[in-house]
Amino acid sequence: MDYFIQQLVNGLTLGSIYGLIAIGYTMVYGIIGMINFAHGDIFMLGGFAALIVFLLLTTLFAGVPVALALLVMLIVAMLMTSLWNWAIERVAYRPLRGSFRLAPLITAIGMSIVLSNFIQVAQGPRNKPIPPMITDVYHFGEVTIQLKQIVIIIVTAVLLTLFWYIVNKTPLGRAQRATEQDRKMAALLGVDVDRTISITFVMGAALAAVAGTMYLMYYGVAAFNDGFIPGVKAFTAAVLGGIGSLPGAVLGGLLIGLIESLWSAYFTIAYKDVATFGLLAFVLIFKPTGILGRPEVEKV
Amino acid sequence: MASVDTSMTSKDTILKVEHLSMRFGGLMAINDFSFEAKRGEITALIGPNGAGKTTVFNCITGFYKPTMGMISLHQKSGKEYLLERLPDFMITREAKVARTFQNIRLFSGLTVLENLLVAQHNKLMKASGYTILGLLGSPLYKREAKKAIETAAHWLERADLIDRADDPAGDLPYGAQRRLEIARAMCTGPELLCLDEPAAGLNPKESLALNTLLRSIRDEGTSLLLIEHDMSVVMEISDHVVVLEYGQKISDGTPDHVKNDPKVIAAYLGVDDEEVTEVIAEVESLDGGAKA
């Protein structure tokens, strides 16, 4: 039982990170119907931004409090990746809006390659380790919970609440949902659709940066190709939960995190990805719109 | 023909369309079409199916960029806008032109109230400091949000939808959705409201209520431009009727004038070209050639 709870905590931590990335996929898909394949690399970029800030802080101001360092890392990483994602949308996706559906998908793959190669050239191909930031652990019987796991879960929960509030209760969120349903009509009512779409990319990137920072803090290492696997997992999470649905993305992320850690704990770790994607196939067969996705009703 | 003389813009003109042409490949959907809509009037654009009425609307509201021609809007404040040069979201925001569609285009997943709030997006967005101040609970935003809800409630009351404010818009019956579209357009605070077949699919009772609503909107100072097939609506409420056939204007004047125009009768009844002259001769002989 203790072992199970331990795996549950580990899974929730991992799932939180997947969920944060998945929101970026799902929001962009919701508003312009496109899969932003560069999103995984935006996550990686966020990790690197946090890494650089961490190294700068610890060299310039030795003994800076961990909480403060983490906060600065988060803010800078969010700003940097937001800027990047905003620019990517501007350069690679906006000119292709109104073109055939596959065109932005292909530029997205291109942007993904550009980003990972850029980091490989600029930061080197090796793994970049950092010393552990938070080392506190709590013991509950046989269960060990690390403080950093608690931090990850709390940060995720807070941000999700904030984003849920923005999307559901503010004028910006209303404009996003209106744009999602009928872009042209939203424009006719005075909504600046291009700006609304840009903000959506910025919001997705900010969450990916948080995920990147958390990932760095949790594993203590960043690499230029870190974006790929978590990106694919988060995309799977978004599809599993029902793409376009915000709670669905989180649910999908948590589910995948849990499956990975429980499968690794009770079966063979080598097959954990098989289990994840097997579940995806299973859900899509019986519920093609994902767990929380609404079927699209086309009116004639 | 007095009706073609649109070279002078009088002070009370709100919309002036000059030499508008719209070509789709080889098809000339609108050909050198000019007309004016007066402030505080209901102007109706009628014509047989395929005459190009909706195309004219699409040009006015920025859906299409016209091949040729000029569309100018004159606001009460004296400001002038050339609509064919504005990006689509500016047409509502700056020029204050709102429109509805022939096929209803509500945000069906949003609630009725939210539909009306989206229409007030710009005011709210500014007041909420582009969301940031709004999240911090700024009093200015709270005040603006309250005002926006009051405006929405006012139009819900007028459109008789107040009981359904929190239902998804897609759940409303057809007639109610049509009224909601008008209410939503009015929430943008337009000076000119363009309605594309507002009475389509309404039963006689709903159609009557619509007439009352449109008249009251006009009397409160918003000018209306409407496309309509239901002649009982057109003749009942319009102050001015423009008739379009094959992309060209064939008649322009008061409802009575248009109703008796032989060209209009010919267009609607589908008379051959040679017969048009006959019909004209016939009508003229009836009026004793005293047509204005």
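Residues numbered from 1 in each chain as written. Chains lettered and ligands numbered in written order. Predicted model: local features only at pLDDT ≥ 70, side-chain atom pairs only at ≥ 80, totals over all residues.

## Concerning the domain arrangement of chain B
All names here are of chain B.
- Per the domain assignment, the segments making up chain B are domain 1 (1–96 + 190–259), domain 2 (107–188) and domain 3 (262–292).
- Spacing between the C-alpha centres of domain 1 and domain 2 amounts to 26 Å.
- Every contact between the two is made by eleven residues of domain 1 and, on the other side, nine residues of domain 2.
- A total of three residues in the side of domain 1 that touches domain 2 trace back to one element, the largest contributor, which is helix α8 (residues 204–219). (Domains from an automatic or database assignment. Contact = placed C-beta atoms within 7 Å. Helix = DSSP H or I, 4+ residues; strand = E, 2+ residues; numbered from the N terminus.)

## Some words on the interface of chain B and chain A
- At the interface, 23 residues of chain B touch 19 residues of chain A.
- When residues of the side of chain B that touches chain A are traced back to their parent elements, those giving at least two are α2 (88–93), α3 (112–118) and α4 (121–127) of chain B.
- Among the residues forming the side of chain B that touches chain A, the class breakdown is eight nonpolar, ten polar and five charged. (Nonpolar A, V, L, I, M, F, W, Y, C, P; charged D, E, K, R; others polar.)

## Details of the packing of helix α2 (residues 39–60) of chain A against helix α3 (residues 66–93) of chain A
Residue and element names in this part refer to chain A.
- Two elements in contact, α2 and α3, have axes whose closest approach is 8 Å; the angle formed by their N-to-C orientations is 140 degrees. By the angle class used here, α2 and α3 are oblique. Where α2 crosses over α3, the two elements pack in a sense that is right-handed. Of the residues in α3, those in contact with Ile42, Leu45, Gly46, Ala49, Ala50, Val53, Phe54 and Leu57 of α2 are Ala69, Val72, Met73, Val76, Ala77, Met80, Thr81, Trp84 and Asn85. (Axes fitted to C-alpha atoms, helices over the stretch in contact; angles between N-to-C directions. Parallel < 35°, antiparallel > 145°, perpendicular 65-115°, else oblique. Left-handed = near helix turned anticlockwise from the far one by under 90°.)

## Regarding the pairing of strand β3 (residues 143–146) of chain A
Residue and element names in this part refer to chain A.
- The pairing of strand β2 (residues 137–140) with β3 spans four bridges and is antiparallel. Bridge pairing links Tyr138 to Ile145 in β3.
- Counting the residues in the hairpin turn of β2 and β3 gives two residues, including Gly141, whose phi is positive at 60 degrees. (Pairing = 2+ DSSP bridges.)

## Focus: the UniProt feature "transmembrane region" (unreviewed entry) in chain A
Residues and elements named next belong to chain A.
- Sites flagged by UniProt as "transmembrane region" (unreviewed entry) map to residues 12–35, 42–62, 68–88, 100–119, 150–167, 197–218, 238–259 and 266–286.
- Across residues 12–35 one finds 88% helix and 0% strand; the C-alpha atoms that close the span lie 25 Å apart.
- As a span, residues 197–218 carries 100% helix and 0% strand, and end to end its C-alpha atoms are 32 Å apart. (UniProt positions renumbered as here; feature names shortened; annotations may be inferred.)

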